[in-house]
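Examination of the molecular architecture
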Amino acid sequence: DAAAILKYLIKYFNININERKSDIMNVALMVGSDVPFFLIQKPCLAQSRGEIITRLNDFNLDNFKLLLVNPNLHISTKWAFENLNYQIGDIHESGIKEVKDFNPSAKNLLQNDFEDIVFSKYAELGLIKKELLEFGSEFSSMSGSGATMYGLFNSNESESLKKAFEYYKAKNYFAFIS
């Protein structure tokens, strides 16, 4: 929401993005750690507090459709971070820095650290991930700290995508295809 407001203000006040990029990103970071990421609207790797952003120009999802599913749950981001049991100053290494493009065979690099914690409290989300894969998604994960789940379906699998979408709509879940 904050990124959308900033984008509106930039347009409304006719701010030259190229000249003021640094200022815009600093304001975005003050508003929230993930706001600079959402201003870019391209696949990126965000590090540190969100101020170190690397565009992933080869991360192409053109051959995929995305199904978002939320079973009308809200997960407190504060609760999720507290339960990660990371200490301030801890360095948590992951393989995510190695990701340059989407490769379904390298799913282990795209692991969401929040899933174990959140799924242990909200088993329904783990079930949705499993179901999305059973419906034929190439990859499924939780978005951020939850509770929205997503599945990436190959564009050639439109019937599987449609079945999954209809299944979750029939359960009165939020479901959206992008």
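That block above? That's the structure.
The structure contained in this document is the topic of the report that follows.

Conventions and cut-offs
- Residues numbered from 1 in each chain as written.
- Predicted model: local features only at pLDDT ≥ 70, side-chain atom pairs only at ≥ 80, totals over all residues.
- Heavy atoms only, no water.
- Salt bridge = Lys/Arg side-chain N within 4 Å of Asp/Glu carboxyl O.
- Helix = DSSP H or I, 4+ residues; strand = E, 2+ residues; numbered from the N terminus.
- Buried < 20%, exposed > 50% of the residue type's maximum accessible area, 1.4 Å probe, protein only.
- 1 Å grid on protein atoms, 1.4 Å probe; cavity = no way out; pocket = protein on both sides within 12 Å on 5 of 7 lines; lining within 4 Å.
- Points joined across faces, edges and corners; volume = space filled by probe spheres on them.
- Nonpolar A, V, L, I, M, F, W, Y, C, P; charged D, E, K, R; others polar.
- Axes fitted to C-alpha atoms, helices over the stretch in contact; angles between N-to-C directions.
- Contact = heavy atoms within 4.5 Å.
- Pairing = 2+ DSSP bridges.

1. Details of the pattern of salt bridges
If you walk through the whole model with that rule in mind, you get 4 salt bridges. Measuring nitrogen to oxygen at the nearest pair gives 2.6 Å for the salt bridge that ties Lys-78 to Glu-82. On the criterion of helical spacing, the pair formed by Lys-78 and Glu-82 is a turn pair, its members being 4 residues apart in helix H4 (residues 77–84). Residue classification places Glu-82 among the partly exposed positions, given a relative accessible area of 47%. A salt bridge links Lys-129 to Glu-115, with the shortest nitrogen-to-oxygen separation between them at 2.6 Å.

2. Description of the layout of surface pockets
By volume, the second largest pocket amounts to about 330 Å³. The wall of the second largest pocket is formed by Lys-7, Ile-10, Ile-17, Asn-18, Lys-21, Ile-24, Met-25, Leu-39, Ile-40, Gln-41 and Arg-55. With 5 residues, helix H2 (residues 17–31) is the single largest residue contributor to the lining of the second largest pocket. Residues that form the lining of the second largest pocket fall into these classes: 6 nonpolar, 2 polar and 3 charged.

3. Section: the packing of helix H5 (residues 114–121) against helix H6 (residues 123–135)
Viewed as axis vectors pointing N to C, H5 and H6 meet at an angle of 120 degrees, and their least axial separation amounts to 5 Å. Taken together, the residues of H6 that come into contact with H5 (itself represented by Glu-115, Val-118, Phe-119 and Lys-121) are Ala-123, Leu-125, Gly-126 and Lys-129. Its residues assigned to classes, the contact of H5 with H6 comprises 4 nonpolar, 1 polar and 3 charged.

4. As for the pairing of strand E4 (residues 139–142)
Of the two faces of E4, both are covered, the one formed by Phe-139 and Ser-141 as well as the one formed by Ser-140 and Met-142. In this structure, E4 lies alongside strand E5 (residues 149–154), joined through 4 bridges in antiparallel fashion. Bridge pairing in E5 places Ser-141 opposite Tyr-150. The turn linking E4 back onto E5 is made up of 6 residues, and Gly-144 within it adopts a positive phi angle of 55 degrees.

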